[in-house]
Amino acid sequence: MNSLELGIVGNGSIAGLIDEHGAYQFLCLPRFDGEPVFDALLGGEGTFSVELVGHTHSEQIYLRNTAVLKTTLCAGEGCMVDIYDFCPRFSARGRTFRPASFVRRIVPRGGTPRIKLHLCPKDGWAGGDLGVSRGTNHIRYRSEDGSRFRVTTDAPISYVMSETQFTLDRPINMIFGPDESLSDAVDVVTRDWEERTIDYWQEWSRRLAVPFEYQQAVIRAAITLKLCVFEETGGIVAALTSSVPEHAGSSRNWDYRFCWIRDAYFTVTALNRLSSVSTLEYYLRWLRNVAALTDGGHIQPVLGVGLEKDLEEHIVERLPGYRGNKPVRRGNQASEHVQHDVYGQVILGAAQAFFDERLRSPAGEADFRLMEKIGERAFKMHDQPDAGIWEYRTRAAVHTSSVLMCWAACDRLANVAHHLGHEDRRIYWNERADIIRETIEKGAWSEARGAYTGDFGGDYLDASVLLMCEVGYPRSEQEKARFRSTVDAVDAELREGHAVYRYKAADDFGKPQTAFTACTFWHIDALISVGRRDEARELFEHVLSRRTRLGLLSEDMDTETGELWGNFPQTYSMVGIINSATRLSMPWSEVV
């Protein structure tokens, strides 16, 4: 049975998910949101596995502070095989080398292991067999649309193609990538790429400004977030999978391989906290294009990593789904939604670039003019109904979290205007922020509930209002008191054990049955902000204990079993590890 005990390899161009026994479960080409060549995660036949005769158990780790995955297969009589998987990434000839390729090295470690290679790529969502031809040391695959890729290897081609068992008496190397010849022997290229990829990731990790406590959890979260950045354009995907359901039988199966502006903002902010500003620079380029294309008009909440607007949602009928949970979807209807929080997320995502002197191309006057157009749109739409942060499909309301982000847009524009020396614009944007603040206090606060509610005039609680502390909203004593009361209400009503639900009211698909892990982290941060650090730490450490063996999290969690559900790895959740760890950790100055 499939599970989310998956390792991730990637390089900013592609990413693959590999199970604990070394089998590829999901990988798309030529980029994150492309066609799946491996689809076993969703019940398909596409995979790449190494079968060890007499296999008894497996072990899996990442090489320290890298995205290089090592899986050890064990059998009787001391037979052991190490599988090293990675996507090459390093500096070469003045640029970052990150091809749409992955590398697999299979190394005998003990005994006389016999293995069988099962290499079965498929032709995307259609799932047909690919055209196959062989060369002296490669296998070429051809899809219906004419695109080609190859596997170059020093393994016996005949054994690979016929899936014949053979004795592994030496390391074998396999490079899966574009239909191009290598510059040297495959074993030489493989070892060179592996060493340089390890060096890249360890050097990148070394530069992170990690907190004193929870260092390994934070480093793994940061590497995972970086693997979700499509560096060609700067777009950041919400997750690397499609259609892993929020819980069994829920039909809440969505395609998350796209760039939600909201999720991307949180990713950029988390990496900024660790002083990894390169992601901000990539993302700023992507945002500049979004702002220029929309020119102050409607911004859809989710786009393709290449700024594609048409993400029409389709059901893939041929695939039975994760653990048999249909439907499998490609595309996402949220691209058609109206979600007003997006304007705030754009400006929040870009704000640091106006102040950070480390950037090669910091934001300036032209960017400010673009952002002001988005700010005008935020002010215009702040009190209008939308689908909200949770993307309701059949109802609209004035959602508190959307209004909050419109406030944040105007508030940050005032800060930027002051920094650029435009005092008239600072006053202008402060006035608009004050108007929206008054709207929130009148429309979102419920005396009856003693809390800010999920939408104006409603009475249900929604964990997204906890983002008030994230964006610095509570400033007056009244607002701080109301926020503390809201935290108490969320704790009493939306928290179950050590996890927090988004809401408990029924939505388009009934009542949620799993907790939303990002909301748990928002609650942890809110507890810290109101001085309840011990409770926050207990909650945080419990969530850490529910990560996979490799330290990763998905979108959702079963509050009774702790089992992970939802798309994987979820950037929202990995962001939460970084944010909460940095807030909870004792400072380095108290230790060294």
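Parameters and conventions
- Residues numbered from 1 in each chain as written.
- Predicted model: local features only at pLDDT ≥ 70, side-chain atom pairs only at ≥ 80, totals over all residues.
- Heavy atoms only, no water.
- Helix = DSSP H or I, 4+ residues; strand = E, 2+ residues; numbered from the N terminus.
- Rg over C-alpha atoms; globule rule 2.2 N^0.38 Å.
- Buried < 20%, exposed > 50% of the residue type's maximum accessible area, 1.4 Å probe, protein only.
- Pairing = 2+ DSSP bridges.
- Polar contact = N/O pair within 3.5 Å; in protein donor to acceptor, adjacent residues only side chain to side chain.
- Contact = heavy atoms within 4.5 Å.
- Patch = residues over 30% accessible without salt bridge, like charges linked within 9 Å, V, L, I, M, F, W, Y side chains within 5 Å.
- Areas by Shrake-Rupley, 256 points an atom, 1.4 Å probe, with all protein chains shown as cover.
- Salt bridge = Lys/Arg side-chain N within 4 Å of Asp/Glu carboxyl O.
- 1 Å grid on protein atoms, 1.4 Å probe; cavity = no way out; pocket = protein on both sides within 12 Å on 5 of 7 lines; lining within 4 Å.
- Points joined across faces, edges and corners; volume = space filled by probe spheres on them.
- Nonpolar A, V, L, I, M, F, W, Y, C, P; charged D, E, K, R; others polar.
- Expected span 1.5 Å × (residues − 1).
- Axes fitted to C-alpha atoms, helices over the stretch in contact; angles between N-to-C directions.
- Left-handed = near helix turned anticlockwise from the far one by under 90°.

Draft legend 1. Region of interest: the overall build of the protein chain. A tally of helices and strands in the protein chain yields 14 helices and 32 strands. Taken over C-alpha atoms, the radius of gyration comes to 24 Å for the protein chain, in line with the 25 Å a tight globule of 592 residues would show. Counting only C-alpha atoms, the protein chain reaches 75 × 55 × 50 Å along its principal axes. Here the protein chain holds 592 residues, and the buried ones make up 62% of them.

Draft legend 2. The arrangement of the sheet that holds strand β30 (residues 515-516) in detail. The 3 strands lie next to each other as β30-β31-β32, forming an open sheet whose pairing is antiparallel. In the strand order of this sheet, the two ends are held by β30 and β32 (564-565), each with one partner. As paired strands, strand β31 (residues 556-557) and β32 are joined by 2 bridges and run antiparallel to one another. Across the sheet, M557 pairs through a bridge with L564, a residue of β32.

Draft legend 3. Broad picture of the side chain of S143. Among the structural elements, S143 can be located in the loop between β16 (138-142) and β17 (148-153). The class of S143 is buried, set by a relative accessible area of 9%. A polar side-chain atom of S143 sits 2.3 Å from a polar atom in the side chain of D145. Ignoring any residue separated from it by four or fewer positions in sequence, one finds S143 in contact with D123 and L130.

Draft legend 4. Quick look at a nonpolar patch on the surface. Among the surface-exposed residues, M586, W588, V591 and V592 lie close enough to one another that they form a single nonpolar patch of about 380 Å² accessible area. Summarising the element assignment, M586 is placed in the segment after α14 (571-584).

Draft legend 5. Geometry of the pairing of strand β1 (residues 6-10). Most of β1 sits inside the fold, with 5 of its 5 residues counted as buried. As defined by bridge partners, β1 adjoins strand β2 (residues 15-19) across 5 bridges and the pair is classed as antiparallel. Bridge pairing in β2 links I8 to L17. Where β1 hands over to β2, the hairpin turn is made up of 4 residues, of which G12 adopts a positive phi near 90°.

Draft legend 6. Seen up close, the layout of surface pockets. Taken as a whole, the largest pocket holds about 590 Å³ of empty space. Of all the secondary structure elements, the ones that give two or more residues to the lining of the largest pocket are α2 (186-206) and α5 (278-294). For the lining of the largest pocket, the element with the most residues is α5, which contributes 6 residues. Its residues placed into classes, the lining of the largest pocket shows 7 nonpolar, 6 polar and 9 charged. In this structure, the second largest pocket spans a volume of roughly 490 Å³. Taken together, 23 residues make up the lining of the second largest pocket; nearest its centre are F97, P99, L182, S183 and W193. Looking at the lining of the second largest pocket, the elements with two or more residues in it are β9 (90-92), β10 (95-97), β17, β19 (172-178) and α2. Per element, the largest residue contribution to the lining of the second largest pocket is 5 residues, and it comes from α2.

Draft legend 7. View of α14. Spanning 14 residues, α14 covers 20 Å between terminal C-alpha atoms, matching the ideal 20 Å at 1.5 Å per step. The buried count for α14 comes to 12 of 14 residues, which makes it a mostly enclosed element. Looking at α14, one finds that the buried residues are T571, Y572, S573, M574, V575, G576, I577, I578, N579, S580, A581 and L584. Here the buried face of α14 lies against α3 (215-226), α4 (261-273), α10 (467-470), β30, α12 (517-529) and α13 (533-545).

Draft legend 8. Inspection of the packing of helix α6 (residues 341-351) against helix α8 (residues 400-420) at higher detail. At a minimum axis distance of 7 Å, the contact between α6 and α8 shows a crossing angle of 35°. In this structure, α6 crosses over α8, and the sense of that crossing is left-handed. Here D341, Y343, G344, Q345, I347 and L348 of α6 come into contact with α8, specifically with S401, S402, M405, A408, A409, R412 and L413. Across the contact of α6 with α8, the residue classes tally to 7 nonpolar, 4 polar and 2 charged.

Draft legend 9. Expanded view of the sheet that holds β1. A sheet is described by the order of its strands in space; here 4 strands give the open sequence β1-β2-β3-β4, paired in antiparallel fashion. Looking along the sheet, the strands with just one partner apiece sit at the ends: β1 and β4 (35-38). The average angle at which neighbouring strand axes cross in this sheet is 25°, direction not considered. Pairing of β2 with strand β3 (residues 24-29), which is carried by 3 bridges, proceeds in the antiparallel orientation. The partner of L17 across the bridge, within β3, is F26.

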